[in-house]
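A look at the structure
This is what each chain is made of:
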Amino acid sequence: MSEPAQYDFDTVIDRRGTWCVQWDDVAERFGVDGLLPFTISDMDFATAPEVLAALRTRIDHGVLGYTTWQQDDFLSAVGHWYETRYGTTIDTAALVYGPSVLSQLSQLLQMWTAEGEGVVVHTPTYDGFRKAILGLGRELRGVPVGDTAALERELARTDAKVLVLCSPHNPTGRVWTEAELRETAALARRYGVAVISDEIHADFVHDGYTHIPYARVAGEGGSSAGGRWAVITSASKSFNFPALTGSYGLVGNPEDRTEYLRRMETAEGLASPAVLSLTAHITAYREGAAWLDAVRAYTAGNLAMVGERLDAEFPELAWKPPMAGYLAWIDLRPLGVDEEALQRVLIERERVAIMPGSVYGAPGFLRLNVGCARSKVEAGVSALVRGLRAVV
């Protein structure tokens, strides 16, 4: 991994008035405008300067017509990223494209399941998964993170058709080991369950942990030996350009790949991707590694600061930073906190918006986004400490 370069993440960029979901749409979820938000998982940082320069050059060309993603600049950039970042050689012929990770998830669920059939997820669960699965009329079946026995029980049910694996896991930040992924793949094969691995947080794995692409495990011995599987991901999370839209995936079985692309190009009318998204992906994967290392180190510092404050104020929480990501998943249950009471204090008195654990099916937890300037994190943690003092 390259040495982190020097970038300025301390200067606050005002995002208000830019149609920003986190800042301008906070009342949609919390009922009050003007809160200091630590919510939806995008960062307050400008994307890598190399990406911005490439976008400006592409815009200066002036023609923004229909575009193809099935070209070597994009395919080779993705292959290069997997090789240099994860030491994994992928078959770029297995790549597919989509407007978002959740859009890809929806298409694959429609391909591999029918209404009423079971889709297994780890709990707590990213709320986007819940909305997609339930919105399609499938049955969501949760198993606690790390509970292999519960996972096998659910996969063994005859109408369990898909396991949605979040790797690394959102919201906990859990990084699955290679042994765990091999065991998961073996269970899925044994019970004939397809695996969809959402790896959009993979680039934010912190020092001491290693992301293993599911494609490395599932692809061993060929697609038939690996069972039915797909990886869905995007550079948009790690390089902070989700508003450009665009994601990509790997689909192990060639027939499934063909069917996925047919659905996208016909039923969804999405044959042409967003050209600026392609530009951003290619540049990020070819030139953005130093920026990513720097922003990951900075957010790791933010998480460490959160840990120091919580340990000093509430040592009984014994909170540790996550293995991956810039989302602090905080278990407040040792304090006996009433979630609704805490949210009222945070919103009405402290004027901050922090995601309650109930959004992810885990009352008693909080998810605090620290992908922002350290001064903002300090303000948020101080507000949280005062709020907890008020309700404990």
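Above this note sits the structure.
This text gives an overview of the structure that appears in the document. (Residues numbered from 1 in each chain as written. Predicted model: local features only at pLDDT ≥ 70, side-chain atom pairs only at ≥ 80, totals over all residues. Heavy atoms only, no water.)

**Considering the side chain of Ser-234**
Applicable threshold: Put simply, DSSP marks the helices as runs of H or I at least four residues long and the strands as runs of E at least two long, and each gets a number from the N terminus on. Buried residues are those whose accessible area, probed at 1.4 Å on protein chains only, stays under 20% of the maximum for their type, while exposed residues exceed 50% and partly exposed ones sit between those limits. Two N or O atoms form a polar contact when they lie within 3.5 Å of each other; inside protein one atom must be a possible hydrogen donor and the other a possible acceptor, and for residues adjacent in sequence the pair counts only when both atoms belong to side chains. Note on contacts: a residue pair qualifies if any of its non-hydrogen atoms lie within 4.5 Å across the two residues.
Note that Ser-234 resides in the loop between strand E7 (229-233) and strand E8 (247-251). The exposure class assigned to Ser-234 is buried, which follows from its relative accessible area of 2%. Within the structure, the side chain of Ser-234 is placed 3.4 Å from the side chain of His-281, a separation counted as a polar contact. If we ignore the near neighbours within four places in the chain, the residues touching Ser-234 are Val-101, Ile-200, Gly-246, Ser-247, Tyr-248, His-281 and Tyr-285.

**Here we look at the environment of Ile-347**
Within the secondary structure, Ile-347 sits in helix H14 (residues 339-349). Along the backbone, Ile-347 and Leu-35 are 312 residues apart, and their C-alpha atoms lie at a distance of 7.2 Å. Ile-347 has contacts with Phe-30, Val-32, Leu-35 and Val-352, leaving out every residue within four places of it along the chain.

**Some points on helix H6 (residues 127-135)**
Asp-127, Gly-128, Phe-129, Ala-132 and Ile-133 are the residues of H6 that are buried. Residues of H6 that are buried in the fold lie against helix H2 (26-30), helix H5 (101-112), strand E3 (118-123), strand E4 (139-144), strand E5 (160-166) and strand E6 (194-198). Gly-137 occupies a position one or two residues after H6 and carries a positive phi of about 80 degrees.

**Points about the packing of aromatic side chains**
Heads up, the rule is: Only centres within 6.5 Å qualify two rings of Phe, Tyr or Trp (six-membered ring in Trp) as a pair; their planes then separate them into stacked at under 30 degrees, edge-to-face at over 60, and tilted for everything else.
Going through the model one piece at a time under the given rule, you end up with 18 aromatic pairs. Judged by centre distance (5.7 Å) and plane angle (65 degrees), the ring pair of Tyr-82 and Tyr-86 falls under edge-to-face. Of this pair, Tyr-82 and Tyr-86 both sit in helix H4 (residues 72-86), 4 residues apart, which is roughly one turn of that helix. This pair shows no difference in class: Tyr-82 is buried, exactly as Tyr-86 is. Considering the side-chain rings of Phe-204 and Tyr-326, the 5.3 Å spacing of their centres and the 75 degrees angle between planes classify their relative orientation as edge-to-face. Of this pair, Phe-204 sits in the loop between E6 and helix H9 (214-218) while Tyr-326 sits in the loop between helix H13 (289-313) and strand E9 (327-331), placing them 122 residues apart in sequence. For Tyr-326, a relative accessible area of 2% gives the class buried. These aromatic residues form a ring-pair network of at least three members: Tyr-7, Phe-9, Phe-45, Trp-69, Phe-74, Trp-81, Tyr-97, Phe-239, Tyr-248, Tyr-285, Trp-291 and Tyr-298.

**Side note on the sheet that holds E9**
To keep things clear, this is the line we draw: Following DSSP output, two strands are said to pair if at least two bridges run between them. Here an axis means a line fitted to C-alpha atoms, over the contact stretch when the element is a helix, while the angle between two N-to-C directions is reported on a 0 to 180 degree scale.
Ordered in space as E1-E10-E11-E9, the 4 strands form an open sheet in which the pairing is mixed. Only two strands of the sheet have a single partner each, and these edge strands are strand E1 (36-38) and E9. Averaged over all adjacent pairs, the angle separating strand axes in this sheet is 30 degrees, with direction ignored. With 2 bridges joining them, strand E10 (residues 352-356) and strand E11 (residues 365-369) adopt antiparallel strand pairing. The residue bridging Pro-356 from the neighbouring strand is Leu-366, located in E11. Here helix H15 (residues 374-391) sits on the sheet in contact with E1, E9, E10 and E11, set at roughly 95 degrees to E1.

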